[in-house]
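Secondary and tertiary structure notes
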Amino acid sequence: MPTLAFGRTCAIIRKRHWFVPFLLFLFAFFARLIAWPHSDVVNADAVTRALIGESYMLYPGWIGDGVWPPFHFYLNGLFTVLCGSRVTGAVLVNVLLGSAIVFPVFALVRRWSSGVVAVAVALIVVFEPLVFRNSLQPLSEIPFFFFAACAFNSASVALSSTSSKGAKHALLAGLFITVASGMRYEAWALIVLIAVQFVF
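From a predicted model like this one, the values you see are computed outputs, not experimental measurements.

1. Some remarks on the overall build of the chain
If you tally the helices and strands in the chain, you get 11 helices and zero strands. Across the chain, helices and strands are ordered from the amino to the carboxyl terminus as α-α-α-α-α-α-α-α-α-α-α. Its C-alpha atoms give the chain a radius of gyration of 18 Å, within 12% of the compact-globule value 16 Å for 200 residues. The dimensions of the chain, computed from C-alpha atoms along their principal axes, are 55 × 45 × 25 Å. Buried residues in the chain amount to 42% of all 200 residues. In the chain, 70% of the contacts between residues at least 6 apart in sequence involve partners at least 24 apart. Accessible surface, the chain as shown: approximately 10,900 Å² in total, 72% of it carbon and sulfur. Once the 13 positive and 7 negative side-chain charges of the chain are each reduced to a mean point, those two points are 23 Å apart.

Spelled out as structure tokens, the structure:
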């Protein structure tokens, strides 16, 4: 019976794979909502980032220098204003993006493998302990991971297409990795990696 149920599930994934990422997103999102009340923001960087984001929204301006890239502060500040709370807003953005990682990861793996493998990889990624824990704190790793994954997925589409669709996705890959580079410096190295793929 378990084998039969697993076989039917795999068949559904193969035939109707377009809605699977949405189910995975909801699963990851509600799992984080359940865990959120039982978690504490214990990372000093997370607290500092939330306060800087709130300060930016109170006194808007371009952050031209600093230790950390500024895009994460803008994102935190925006959600702080929308939610009316520096704690809720700064964590909510990571809960959403931490769950939304399933979309680029599923699409990337599905393009080169089967739907079943894509589901397995997406679940492993979003429920990996470090990813899950950091998505409940206002740290920059989760937004960086999301936009970097989007960049690699778009680059994959561009490299496997010879039509105008490829050019569009090449531009999207550049946009996503640029946003990621405004979150963390690691993305700067990934820019070179993606550029090399297009050149060679």
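2. A look at the pattern of salt bridges
A complete count under the given rule lists two salt bridges for this structure. The shortest N-O distance in the salt bridge between Glu141 and Arg184 comes to 3.4 Å. Taken together, the positions of Glu141 in helix α9 (residues 141–159) and Arg184 in the loop between α10 (164–181) and α11 (186–199) put the pair 43 residues apart, joining distant regions of the chain. In this structure, the salt-bridge partner of Glu186 is Arg184, at a minimum N-O distance of 3.1 Å. Bridged by salt links that share partners, the residues Glu141, Arg184 and Glu186 form one connected network.

3. A look at the packing of α9 against α10
Where α9 meets α10, the closest approach of the two axes is 7 Å, and the angle between their N-to-C directions is 160 degrees. One way to sum up the angle between α9 and α10 is to call them roughly antiparallel. With respect to the hand of their crossing, α9 and α10 are arranged in left-handed fashion. Where α9 approaches α10, its residues Phe144, Phe147, Ala148, Cys150, Ala151, Ser154, Ala155, Val157 and Ala158 are matched on the opposing element by Lys165, Gly166, His169, Ala170, Leu172, Ala173, Phe176, Ile177, Val179 and Ala180. When the residues that make up the contact of α9 with α10 are grouped by side-chain class, the tally is 15 nonpolar, three polar and one charged.

Calculation rules
- Residues numbered from 1 in each chain as written.
- Predicted model: local features only at pLDDT ≥ 70, side-chain atom pairs only at ≥ 80, totals over all residues.
- Heavy atoms only, no water.
- Helix = DSSP H or I, 4+ residues; strand = E, 2+ residues; numbered from the N terminus.
- Rg over C-alpha atoms; globule rule 2.2 N^0.38 Å.
- Buried < 20%, exposed > 50% of the residue type's maximum accessible area, 1.4 Å probe, protein only.
- Contact = heavy atoms within 4.5 Å.
- Areas by Shrake-Rupley, 256 points an atom, 1.4 Å probe, with all protein chains shown as cover.
- Lys, Arg positive; Asp, Glu negative; His and termini not counted.
- Charge placed at Lys NZ, Arg CZ, Asp CG, Glu CD.
- Salt bridge = Lys/Arg side-chain N within 4 Å of Asp/Glu carboxyl O.
- Axes fitted to C-alpha atoms, helices over the stretch in contact; angles between N-to-C directions.
- Parallel < 35°, antiparallel > 145°, perpendicular 65-115°, else oblique.
- Left-handed = near helix turned anticlockwise from the far one by under 90°.
- Nonpolar A, V, L, I, M, F, W, Y, C, P; charged D, E, K, R; others polar.

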